[in-house]
Amino acid sequence: NYSYCYPYQRVIFAQAIKWAARDPAPVAVEAPMCIQSTVFRQKDADGERLIVHLFNGINTTSDHGLPETAVPLREDVVPVGGIKVRFHKLTPKRIHLEPEGVDLAPVQRDDWIEVSLPPLAVHSLVVAEM
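A short tour of the structure in this document, coming up. The model shown is predicted, which means the values in this text are computed figures rather than measured ones. (Residues numbered from 1 in each chain as written. Predicted model: local features only at pLDDT ≥ 70, side-chain atom pairs only at ≥ 80, totals over all residues. Heavy atoms only, no water.)

Here the focus is the sheet that holds strand β7 (residues 107–109). One open sheet holds the 4 strands; their spatial order is β1-β4-β8-β7, and the pairing between them is antiparallel. In this open sheet, the two edge strands, each paired with only one partner strand, are β1 (27–30) and β7. The mean inter-strand angle of the sheet, taken between neighbouring strand axes irrespective of direction, is 25°. Here 3 bridges tie β7 to strand β8 (residues 112–116), and the two strands are oriented antiparallel to one another. (Pairing = 2+ DSSP bridges. Helix = DSSP H or I, 4+ residues; strand = E, 2+ residues; numbered from the N terminus. Axes fitted to C-alpha atoms, helices over the stretch in contact; angles between N-to-C directions.)

Dropping the structure here:
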């Protein structure tokens, strides 16, 4: 649904998935619509981690130019603040931001553990060590 011309269809579709699932997803991202997120699970000899990749898709050129010939270059970066990542019924040992190497302070809210991020420039990874 990323390519739908009416962006609120993505919101309606996401709400429909939440309703159909009945239980919350293990990871939730609260951010403006310009922020894209993907969650990965990694396992190795040292344990398991959840990785939330966050990407700031703000385009300061306002998409001026023909889509078939436009070059996806950034002239400016507009950091986006107020982003939160929540983990439902999970108990990470450590949550940190990469590649910045910053530990994030978790806050318990009912069945959720929540971290607030510093403003996102282009991309970052929230790593939850399980």
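Looking now at a nonpolar patch on the surface. Taken together, the side chains of Y6, Y8, V11 and M33 present a nonpolar region at the surface, about 390 Å² in accessible area. Inspection of the secondary structure assignment puts V11 in helix α1 (residues 8–21). According to the relative accessible area criterion, V11 is partly exposed, its value standing at 33%. (Patch = residues over 30% accessible without salt bridge, like charges linked within 9 Å, V, L, I, M, F, W, Y side chains within 5 Å. Areas by Shrake-Rupley, 256 points an atom, 1.4 Å probe, with all protein chains shown as cover. Salt bridge = Lys/Arg side-chain N within 4 Å of Asp/Glu carboxyl O. Buried < 20%, exposed > 50% of the residue type's maximum accessible area, 1.4 Å probe, protein only.)

With that settled, the discussion passes to the nonpolar core. Soluble globular proteins: nonpolar side chains tend toward being buried together. Counting residues in hydrophobic clusters, the biggest one holds 18 residues, and the most contacted among them are L54, V85, F87, I95, L117 and V126. Breaking this core down by element, the ones donating at least two residues are β3 (47–56), β4 (84–88), β5 (94–98), β8 and β9 (123–129). Looking at which element gives the most residues to this core, the answer is β3, with 3 residues. In this structure, F87 is in contact with P26, V27, L50, P92, I95, D111, W112, I113, V126 and A128, ignoring residues within four places of it in sequence. (Core = buried A, V, L, I, M, F, W, Y, C linked by side-chain atoms within 4.5 Å. Contact = heavy atoms within 4.5 Å.)

A word on α1. Taking 1.5 Å as the rise per residue, α1 with 14 residues should run 20 Å; its terminal C-alpha atoms sit 20 Å apart, in good agreement. One or two steps after α1, the chain reaches R22, where phi turns positive at roughly 70°. (Expected span 1.5 Å × (residues − 1).)

Moving on, we get to unusual backbone geometry. Cis geometry is adopted by the peptide bond preceding P99, which originates at E98 and carries an omega value of 10°. One can find P99 in the loop between β5 and β6 (102–103). Positive phi, normally seen in glycine, also occurs at R22, with a value near 70°. Given a relative accessible area of 60%, R22 falls into the exposed group. Its identity is not glycine, yet K89 carries a phi of approximately 55°, on the positive side. Mapped onto the elements of the fold, K89 is located in the loop between β4 and β5.

Our next topic: the pairing of β4. Of all 5 residues in β4, 4 are buried; the element is thus mostly enclosed. The sheet contact formed by β4 and β8 spans 5 bridges and is antiparallel. Its bridge partner being in β8, R86 is matched across the sheet by E114.

Let us look at the pattern of salt bridges. What the rule picks out here adds up to 8 salt bridges. The salt bridge involving R49 is made with E129; its shortest N-O contact spans 3.5 Å. Taken together, the residues R49 in strand β3 and E129 in strand β9 connect sequence positions 80 residues apart. Via salt bridges that share partners, E30, K84, R86, R109 and E114 belong to a single interconnected network.

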